[in-house]
Amino acid sequence: MLAAAINFPRRTFVRLGSSHPFRTARSVGVLRSRASKSGSQNKRNVIRVSIAPPVPVSKPSEDSFEIIPPQKQELYFPKYRDLIGGTPLIDLTELANPKVPGVKVLAKCEFMNPGYSIKDRIVWHIINEAEDQGKLKPGMTIVAASSGNTGASTAMVASMRGYKSIIITSPKCSKEKMDAIRAYGAKLIVTAPGLKPNDPEHYMNLETKLCSENPEYFGVNQYENDLNPLAHYETLGPEIWDQTDGTVTHFVAAGSTGGTLSGTAKYLKEKSGGNVKVIMADPIGSIFYDYFKTGVLNEPESFEVEGVGKENIPGAMDFGVIDDAIRVSDSDAFKMCHTLAQTEGVMAGGSGGLNVFAAIKIANEATDQDTTVVTVLPDSGIKYLSKIYNPEWVERVCKSSEQQR
């Protein structure tokens, strides 16, 4: 194969004319420097052109070449909404004290979603589906009952899409979450304290009531909506599997609507052939633990961790994918929040502290060195500065929690 070396300025791209004898070249190499035969340090830029023999080669004339300036690559900038999902998986193993080496404790940083919580995933999915199916149309109002995070995510996504929104929550919701909901432009309704789950004015029931009375309202219905666990089945589960390269052995998460726990667990069990063990962390006072262990619905008691546990059983919860359950007190959950902040620099919400406490318990009891426990940090501690990270508040709650044990 013949080759020709031609002098050109450095980093110049060359297009050969259609009538040029080099037009039959199979490839045009990148420009590079080559020392002269004399061995001196003087170098010249050359382009090597390989051609298929036999080809008659004549000396090229200068007008046989078209000089093409380098093309500027178009830059891509994501929209803020494009950042939902794909959260980092961090190593928290140093907080544990395993019996055997090799055990790992990992946590998904869900507070790094745009709305600072895991609930961005389900709201985005539910609203997308509603629009695609014609259930949500321009001019309609989105309504969501929420302990806080789904409300904030709904208000945020509604503002992104140009909808009005109404968020309903209970007095237990932190001031920071209430303020965030209003900041996104939503109307916030805070129900009366102490309402029973069967009360029509209970925040979980008020969404249904408002939507039935107003045809132009669309209800997110997170507690009964199958799209809630499906969102985690399609996003959070695959992310955990891929980020651990399929080595995850345990998934630990608290339940509230049941979406995170049920959807993620279903995916991980399918991918692992049923080998991944799923452990539900539940705050003392919630009904989930007793119901899972005995099948009996006991009366709920008060607890302060927000966004996890419940006083009734949501339709999105699938107890069939759960292998075991661990109870965690308010005190243990909040103390773990402070440990995370003061040792790892991770300021998580109370549900994150609860999840990590349970995950560490599993890791410390493991006897297999290949154990990899994965949990989630559902939201940011910034949402609880007036509560969990308020020394007076947390001291009072922890003291009460210890007395209830």
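Residues numbered from 1 in each chain as written. Predicted model: local features only at pLDDT ≥ 70, side-chain atom pairs only at ≥ 80, totals over all residues. Heavy atoms only, no water.

Draft legend 1. Broad picture of unusual backbone geometry. Although it is not a glycine, Tyr116 sits at a positive phi angle of roughly 65°. Considering the arrangement of structural elements, one finds Tyr116 in the loop between strand E8 (104–109) and helix H1 (119–132). Of the residues examined, Tyr116 reaches a relative accessible area of 44% and is grouped as partly exposed. A positive phi angle, near 55°, is found at Asn221, a position not held by glycine. As for its position among the elements, Asn221 is in the loop between strand E12 (217–219) and helix H5 (227–234). Relative accessible area serves as the criterion here: at 33%, Asn221 is assigned to the partly exposed category. (Helix = DSSP H or I, 4+ residues; strand = E, 2+ residues; numbered from the N terminus. Buried < 20%, exposed > 50% of the residue type's maximum accessible area, 1.4 Å probe, protein only.)

Draft legend 2. Representation of helix H7 (residues 259–272) in the model. In this model H7 runs 20 Å from its N-terminal to its C-terminal C-alpha over 14 residues, within 8% of the 20 Å that 1.5 Å per residue would give. Regarding H7, the residues found buried are Gly259, Thr260, Leu261, Ser262, Gly263, Thr264, Ala265, Tyr267, Leu268, Lys269 and Ser272. Looking at the buried positions of H7, the neighbouring elements they touch are H5, helix H6 (236–243), strand E13 (250–254) and strand E14 (277–283). Trailing H7 by a residue or two, Gly273 shows a phi angle of about 70°, which is positive. (Expected span 1.5 Å × (residues − 1). Contact = heavy atoms within 4.5 Å.)

Draft legend 3. Layout of the pairing of strand E15 (residues 324–328). Of the pairings in the sheet, the one linking E14 to E15 comprises five bridges and is parallel in character. Residue pairing across strands places Pro283 opposite Val328, the latter belonging to E15. Taken together, E14, helix H8 (residues 288–294) and E15 form a β-α-β motif whose crossover is right-handed. (Pairing = 2+ DSSP bridges. Right-handed = clockwise from strand over helix to strand, strands pointing away.)

Draft legend 4. Structural context of the sheet that holds strand E9 (residues 141–145). The parallel open sheet is built from four strands, whose spatial order is E11-E10-E9-E12. At either end of the open sheet lies a strand with only one pairing partner, and these are strand E11 (187–190) and E12. Mean inter-strand twist for the sheet, computed between neighbouring axes without regard to direction, equals 20°. With five bridges connecting them, E9 and strand E10 (residues 164–169) associate as parallel partners. For Val143, the partnering residue across the bridge sits in E10 and is Ile166. Against the sheet, helix H2 (residues 149–161) engages E9 and E10, with an angle of about 175° to E10. (Axes fitted to C-alpha atoms, helices over the stretch in contact; angles between N-to-C directions.)

Draft legend 5. Representation of the packing of aromatic side chains within the structure. For the structure shown, the criterion picks out four aromatic pairs. Where Tyr233 meets Tyr267, the ring centres are 5.5 Å apart and the plane angle is 80°; that geometry is what we call edge-to-face. One end of the pair, Tyr233, is in helix H5; the other, Tyr267, is in helix H7, with 34 residues separating them in the sequence. Ring centres of Phe288 and Phe319 lie 6.0 Å apart, and the angle between their planes is 75°; this geometry places the pair in the edge-to-face category. Placement of the pair is Phe288 in helix H8 and Phe319 in the loop between H8 and E15, with a sequence separation of 31 residues. Residue Phe319 is classed as buried on the basis of its relative accessible area of 17%. Aromatic ring contacts, followed pair by pair, group Phe288, Tyr291 and Phe319 into a single cluster. A cation over a ring is seen here: Arg161 above Trp124, with NZ or CZ 4.2 Å from the ring centre. (Phe/Tyr/Trp six-rings, centres within 6.5 Å; stacked < 30°, edge-to-face > 60°. Lys NZ or Arg CZ within 6 Å of the ring centre and 35° of its normal.)

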